[in-house]
Amino acid sequence: MSPAVDSGAGPVLDLESGRVVVVGGGLATARLCATLRRKKFAGTLTVLSAEELPPYDRPPLSKEVLAGTKDATPLPFDTDKLQVDLRLGTRATGLSTESRTVATTAGDVEYDALVIATGAEPLRLPGAGPQLTLRTLGDALELRERLVPGARVVLVGASWIGAEVATAALAAGCAVTCVEFGSQPLSGALGPEVGALTRPWWAGVELLTDTAVASVEADGVHLAGGRVLPADVVVTGIGVRPDLSWLEGSGLACDRGVLTDTRCRTDVRGVLALGDVAQRWSRHTDTHRLIEHWDEASMVAATAVASLLDWDEGPEHDPVPYFWSDQFGRKLQYVGAHAPGDELTVQRHPDGSLARALWSRDAVLTAWLGVDATKDVVKARTAIGGPVSAVD
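Below, the structure is looked at part by part. Each residue is numbered by its place in its chain's sequence as written, counting from 1. The model is predicted, so local features are restricted to residues of pLDDT at least 70 and side-chain atom pairs to those at 80 or more, both for listing and for counting; the totals for chains, interfaces and linings are taken over all residues. By convention in this description, side-chain values take in all heavy atoms of the structure and omit both hydrogens and water.

To continue, consider the pairing of strand 12 (residues 213–217). Two elements, strand 12 and strand 13 (residues 220–223), share four bridges in a ladder whose sense is antiparallel. Note that in strand 13 the partner of Ser215 across the bridge is His222. Once strand 12 ends, the chain turns through two residues before running back antiparallel as strand 13. Here a strand pair is declared whenever DSSP counts at least two bridges between the two strands. By the criteria applied, helices consist of DSSP H or I runs no shorter than four residues and strands consist of E runs no shorter than two, each listed in order from the N terminus.

A few words on the nonpolar core. The tendency in soluble globular proteins is for nonpolar side chains to be buried as a group. Formed by 43 residues in total, the largest nonpolar core has its most connected members in Leu143, Leu147, Leu155, Leu190, Trp202, Trp359 and Leu369. In terms of residue count, helix 5 (residues 160–171) provides more of this core than any other element does, six residues in total. With residues up to four places along the chain from it excluded, the contact list for Leu147 reads Leu66, Val153, Ala168, Ala169, Ala172 and Cys174. Counting residues in each nonpolar core, the second largest holds 28 residues, with Leu13, Cys264, Leu274 and Trp311 among its members. Nine residue types can take part in a nonpolar core, namely buried Ala, Val, Leu, Ile, Met, Phe, Trp, Tyr and Cys, and a core is a set of them joined through side-chain atoms within 4.5 Å. Exposure classes here rest on a 1.4 Å probe applied to the protein chains alone. A residue is buried below 20% of its type maximum, exposed above 50%, and partly exposed in between. The contact rule is simple, with two residues in contact once any of their heavy atoms fall within 4.5 Å.

Taken in spatial order, the three strands make up an open sheet running 4-5-6, and their pairing is antiparallel. Bordering the open sheet on either side are strand 4 (92–96) and strand 6 (107–110), each of which pairs with just one other strand. Taken pair by pair, the neighbouring strands of this sheet meet at an average axis angle of 25°, ignoring direction. Across four bridges, strand 5 (residues 101–104) lies against strand 6 in antiparallel orientation. Each bridged residue has a counterpart across the sheet, and for Val102 the counterpart in strand 6 is Val109. Helix axes use the C-alpha atoms of the stretch in contact, all axes being lines fitted to C-alpha atoms, and the angles between their N-to-C directions lie in the range 0 to 180 degrees.

The element strand 1 (residues 19–23) is largely enclosed, with a buried count of four among its five residues. Summarising the sheet, strand 1 and strand 2 (residues 44–49) pair through five bridges and their orientation is parallel. Considered in strand 2, the bridge of Arg19 is made with Thr44. The definition of a right-handed crossover adopted here requires that, viewed with the strands pointing away, the path from the first strand over the helix to the second runs clockwise. Between the parallel elements strand 1 and strand 2, the chain passes through helix 1 (residues 27–38) in a crossover that is right-handed. In the sheet, strand 1 pairs with strand 7 (residues 113–116) via four bridges, with the strands oriented parallel. Residue pairing across strands places Val23 opposite Ile116, the latter belonging to strand 7.

Put into structure tokens, the structure is as follows:
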């Protein structure tokens, strides 16, 4: 069930003199600040960001930045116009909801309303050897420098990010190996049957499935079976974990992420969470879900601001999830959220290659995947929760 929310005690924020503190400097933060000012909030607006750069867009990092067509991906975020006190290089280290204070590496910051948007951190493998992840602009630029012809690149995880890095590495002339614990690429996200249909796309990559990694060491990637994969570059793409360590002892209800309702409200009055760090209640699945998609962070600001300005009444945020990936010359687009046990229907092109995949439960569409089917996405997203026949 959705978390209990402290309500009924009047507004949490004064439009003229309130103090809003946002922890995290990503897309959700940029959209939230702009929306707050459009809604005539005239109080103080402080953004605490552990990064040294103003908010920037992350999806191009594994696409245009790795490909070399972009060197930066800044978001529109005029701190003077928005009157934002942006404190870069300032990491939150603790939270007291009783005194309404965020502890940081640069001192304590008091708030009347708090927005937690600290995002997520990439998981890493055991071992003392060097391994790269792809989460920040700095990560992307460092990796791009190392993708040179002949470089031995070992990717761990045939995931969305693994496929996009493999695409860039192949284009750069690297020798690419990918190690995947599952039976097929993308099997964790799409299941083994659909994942198997993407396997031919990995031509040119030594793809090792059903393979576990023991550690990353100075001489390369050590597999559980004893084989060592020599590597000039190791890229780990096995998922992310919401940044929650600084919230220990705060009293906020957390699971894998910060638990919120469909209005971004936590169980502590005046505290919101949004973006990758939020485990939001979804009526589509009747569960708390980590969405971790650009689309979620881009759309959530209106609801979050409405909750700040009227804690007890306002619109809900529970869109049909949407995600896309550009890999091996193809655009994959996924809408909805399927679950184990959902019925799978695969549609193929005349040559047998994957065209679309549909998941359903009791003849109700739960998720849809299209390959180079951009014109069908809006229809598919609208059809989620309705009869499968709507997209047949």
